[in-house]
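# Understanding the architecture of this molecule
Below are the chains, spelled out letter by letter.
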Amino acid sequence: METMKKWYLWVVLAMSTAIHAHGQSEFYDKADKFFAVYVEDGLIDYNGIRTDTGDLDELIDWLDKNAILDATSPDGKAQLINAYNLFVIKGIADAKPVRSVQDISAFFDRKIYRVGGAKVSLNELEKNVLIKQTGDPRLHFVLVCAAKGCPVLINEAYRPERLDQQLDRQTTLAMNSPEFTRVQSNSIQLSRIFEWYKSDFTKGNGSVIDFINQYRTTPIDQNVNVGYYEYDWSLNAQAPIEKAKKAKSTSNLLQFTPSQLFRKGQYEVNIFNNLYSQTSVWDRDGNTISQDRRLNILTSNIQFTYGVSNNAKVNIGADIVLSTGSVGFTPGGQFQLFASDNIANDFAVTAIGPRVKFAPIRKLPFFSMQTSFLAPVADDPEAQTEARDVFLALNRYQWRNQFFLDLKLTEKFRLFYQLDFNYLISRDVDEVFFQPNFLDVPTNLFVNYFPTDKINLFVMGQYFSRYGNTSLADSEQQVKFGLLQSSVQLGAGVKYQATSRLGFELSYGDFVSGRGFQTIEMGAGEVVNFGIRYIR
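In this report, the structure presented in the accompanying data block is examined.

### Section: the overall build of the protein
A count of helical and extended segments in the protein gives 11 helices and 20 strands. Summarising the internal contacts of the protein: among those between residues at least 6 apart in sequence, 65% fall at separations of at least 24. Counting only carbon and sulfur atoms, one obtains 56% of the accessible surface of the protein, whose full area is about 26500 Å².

Here's what the structure looks like:
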């Protein structure tokens with residue numbers, strides 16, 4: 001009886017292995033057929049695939065049910081190389097007509113695929129699985145990112161039994177291609193791949209040239225001047241995808257939402273104007289106290305932001321803040337700012353400082369953080385002395401820390417959330433008595449509607465709170481930390497993308513409630529915002 005059980009188990013195991021091997025072989029055969037039909041000279045027939053996605057969907061489904069995120073064996077490595085290339089093609093085929101993969105927001109991070117039931121993005125599959133598990137730099141010449149700047153996609157599947165030969169063949173072709181490796185008399189122009197992934201090619205104290213020469217028929221001199229040509233992100237399509245001539249690049253309104261960063265070489269100039277006006281304030285009990293004069297403050301924040309990382313994970317920038325203020329009679333409105341009969345008018349460059357923005361969590365591509373430090377540069381911006389006629393800005397160093405999160409609710413609705421922790425440090429402690437420093441914590445929620453790619457309508461709500469020393473001025477030795485001021489602002493606005501690079505924003509906000517602390521009142525005003533944004 002025991003012998004029969006053992007024989008039975010061996011038969012079941014053998015059958016299972018045979019069935020699994022047959023399933024793998026069938027996958028490679030079908031992938032072979034797919035690539036042979038839709039790939040020619042490294043270019044892909046996306047139009048044909050979009051017309052009939054059945055073969056591609058079948059391969060994607062097989063990977064979901066049978067493959068695993070393990071590249072340590074030849075079979076696993078081959079499956080995941082094919083998976084990456086198939087996922088890229090699937091992502092392009094599923095998208096609306098585009099001219100470049102860069103027209104699809106966060107294409108390599110946001111779109112999630114399934115391998116053996118596990119969820120993975122393209123960047124995770126490439127970097128965290130294939131490259132990390134194998135350490136094989138040849139992978140950079142077989143993983144194709146839907147761009148003409150990539151090494152060419154072959155019209156066959158990668159198979160475990162000849163995977164090394166295929167990897168060597170494609171690497172050799174790339175290293176000897178005059179279009180991919182551009183050798184000149186005293187210099188060489190290389191693909192940005194060698195710059196972006198330099199550490200993958202220089203393991204063991206070798207140089208990039210050492211790696212290239214392993215596969216070159218004519219070795220390159222080690223002393224040659226090395227440069228990098230611009231990466232061609234245009235789509236590796238056999239023909240423009242249907243309707244591509246009418247299609248436009250993804251709107252910057254949709255692509256560069258608050259949490260998104262710019263890739264290396266991209267930059268933004270943003271001029272955001274905030275016109276605040278008040279004729280009343282709130283006291284400590286939340287009561288409104290009317291004033292006989294109107295205070296207007298126009299704050300213009302000029303921001304420059306530049307992408308420094310190829311994977312759009314780090315941006316650097318700088319801010320310059322200009323402030324214009326006026327005091328006039330109550331009947332006037334916000335636009336009384338420049339009226340000739342104002343009691344007082346003033347202008348100054350009030351602050352300047354650097355800024356860094358980064359995406360800290362790979363699995364959350366729509367979450368980012370930003371930190372900046374603004375130093376006051378104007379004399380007496382709070383108008384505490386005769387040197388200044390009108391309050392323009394706080395006379396403080398500002399360390400701003402901001403968190404951005406975007407959530408896609410539907411195709412036309414998105415939710416933007418922003419939380420700030422701004423630490424304000426007094427420039428002159430003697431002038432502010434018992435309030436040398438305080439912490440501002442505004443939290444903002446935006447509900448956005450996109451009726452078209454060019455228009456963004458939104459409503460917003462903000463809760464602002466300021467924390468600091470709640471002790472009396474004459475008892476500063478008993479410092480207590482607590483809430484000083486708070487307010488609620490509601491508003492609405494519109495953003496419009498006039499051209500592929502230039503956009504405008506207009507919004508209105510009203511401070512509907514607030515509360516001060518002791519003699520520190522809270523402004524009960526309203527704001528009109530106008531912004532200009534240029535992205536290149």
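### A few points about the sheet that holds strand S5 (residues 182-183)
Note on sheets: strands pair through backbone hydrogen bonds, and any given pair is parallel or antiparallel. The 3 strands are arranged S5-S6-S7 in an open sheet whose pairing can be described as mixed. Bordering the open sheet on either side are S5 and strand S7 (225-228), each of which pairs with just one other strand. As paired strands, strand S6 (residues 187-190) and S7 are joined by 4 bridges and run parallel to one another. Bridge pairing in S7 links Ile188 to Val226.

### Here's the deal with the pairing of strand S20 (residues 526-535)
Across 10 bridges, strand S8 (residues 267-282) lies against S20 in antiparallel orientation. Among the inter-strand pairings, Leu275 is bridged to a residue of S20, identified as Val528. Direction of pairing for strand S18 (residues 502-515) relative to S20: antiparallel, over a ladder of 9 bridges. Bridged to Gly503 within S20 is Arg533.

### Here's the deal with the pattern of salt bridges
Summed over the entire model, instances satisfying the criterion amount to 20 salt bridges. One salt bridge connects Lys77 with Asp136, and the closest N-O pair in it is separated by 2.7 Å. Of this pair, Lys77 sits in helix H4 (residues 74-94) while Asp136 sits in the loop between helix H5 (122-134) and helix H6 (163-176), placing them 59 residues apart in sequence. For the pair shown, Lys77 and Asp136 are each scored as buried. For Lys313, the salt bridge is made with Asp109, and the minimal N-O distance between the two is 4.0 Å. Of this pair, Lys313 sits in the loop between strand S9 (288-307) and strand S10 (314-329) while Asp109 sits in the loop between H4 and strand S3 (113-115), and the two are 204 residues apart along the sequence. In this structure, Lys313 and Asp109 share a single accessibility class: buried. A single network of salt bridges, built from pairs that share partners, joins Lys77, Asp136, Arg138, Asp164 and Asp168.

### Notes on the pairing of S9
Pairing analysis gives 15 bridges linking S8 to S9, with the strands arranged antiparallel. Its bridge partner lying in S9, Gln278 is registered against Leu295. Counting the residues in the hairpin turn of S8 and S9 gives 5 residues, including Gly286, whose phi is positive at 85°.

### Quick word on a nonpolar patch on the surface
Where nonpolar side chains cluster on the molecular surface, the patch consists of Leu407, Leu409, Phe413, Val447, Tyr449, Leu457, Val459, Val494, Tyr496, Phe504, Leu506 and Phe530 and spans about 960 Å² of accessible area. Put simply, the parts of the chain that give the nonpolar patch at least two residues each are strand S15 (437-452), strand S16 (455-469), strand S17 (481-497) and S18.

### Considering H5
Here H5 has its buried residues at Leu122, Asn123, Glu124, Leu125, Glu126, Lys127, Val129, Leu130 and Ile131. If you follow the buried residues of H5, they end up packed against H4, S3, strand S4 (118-120) and helix H8 (198-201). Positive backbone phi, at 60°, marks Gly135, one or two positions downstream of H5.

### With respect to the packing of helix H3 (residues 54-66) against H4
Closest axis-to-axis distance for the H3/H4 pair is 10 Å, and the angle between their directions is 135°. Relative to H4, the element H3 lies oblique. In this structure, H3 meets H4 at a crossing whose hand is left-handed. Contacts from Leu56, Asp57, Leu59, Ile60, Trp62 and Leu63 of H3 reach H4 at Gln79, Ala83, Leu86, Phe87, Ile89 and Lys90. A breakdown of the residues in the contact of H3 with H4 according to their chemical character gives 9 nonpolar, 1 polar and 2 charged.

### Observations concerning the packing of aromatic side chains
In this structure the tally under the stated criterion is 24 aromatic pairs. Pairing Trp196 with Trp233 gives two aromatic rings, centres 6.2 Å apart and planes at 20°, and the pair type is stacked. Note that Trp196 is positioned in helix H7 (residues 192-196) and Trp233 in the loop between S7 and helix H10 (252-255), a separation of 37 residues in sequence. Among the aromatic residues, those joined into a cluster by ring pairs are Phe141, Phe180, Phe194, Phe201, Phe211 and Tyr215. In this structure, Arg182 packs its charged tip against the face of Tyr229, placed 3.6 Å from the ring centre. Above the plane of the ring of Phe404 lies Lys357, whose end atom (NZ or CZ) is 4.6 Å from the centre.

Criteria and thresholds
- Residues numbered from 1 in each chain as written.
- Predicted model: local features only at pLDDT ≥ 70, side-chain atom pairs only at ≥ 80, totals over all residues.
- Heavy atoms only, no water.
- Helix = DSSP H or I, 4+ residues; strand = E, 2+ residues; numbered from the N terminus.
- Contact = heavy atoms within 4.5 Å.
- Areas by Shrake-Rupley, 256 points an atom, 1.4 Å probe, with all protein chains shown as cover.
- Pairing = 2+ DSSP bridges.
- Salt bridge = Lys/Arg side-chain N within 4 Å of Asp/Glu carboxyl O.
- Buried < 20%, exposed > 50% of the residue type's maximum accessible area, 1.4 Å probe, protein only.
- Patch = residues over 30% accessible without salt bridge, like charges linked within 9 Å, V, L, I, M, F, W, Y side chains within 5 Å.
- Axes fitted to C-alpha atoms, helices over the stretch in contact; angles between N-to-C directions.
- Parallel < 35°, antiparallel > 145°, perpendicular 65-115°, else oblique.
- Left-handed = near helix turned anticlockwise from the far one by under 90°.
- Nonpolar A, V, L, I, M, F, W, Y, C, P; charged D, E, K, R; others polar.
- Phe/Tyr/Trp six-rings, centres within 6.5 Å; stacked < 30°, edge-to-face > 60°.
- Lys NZ or Arg CZ within 6 Å of the ring centre and 35° of its normal.

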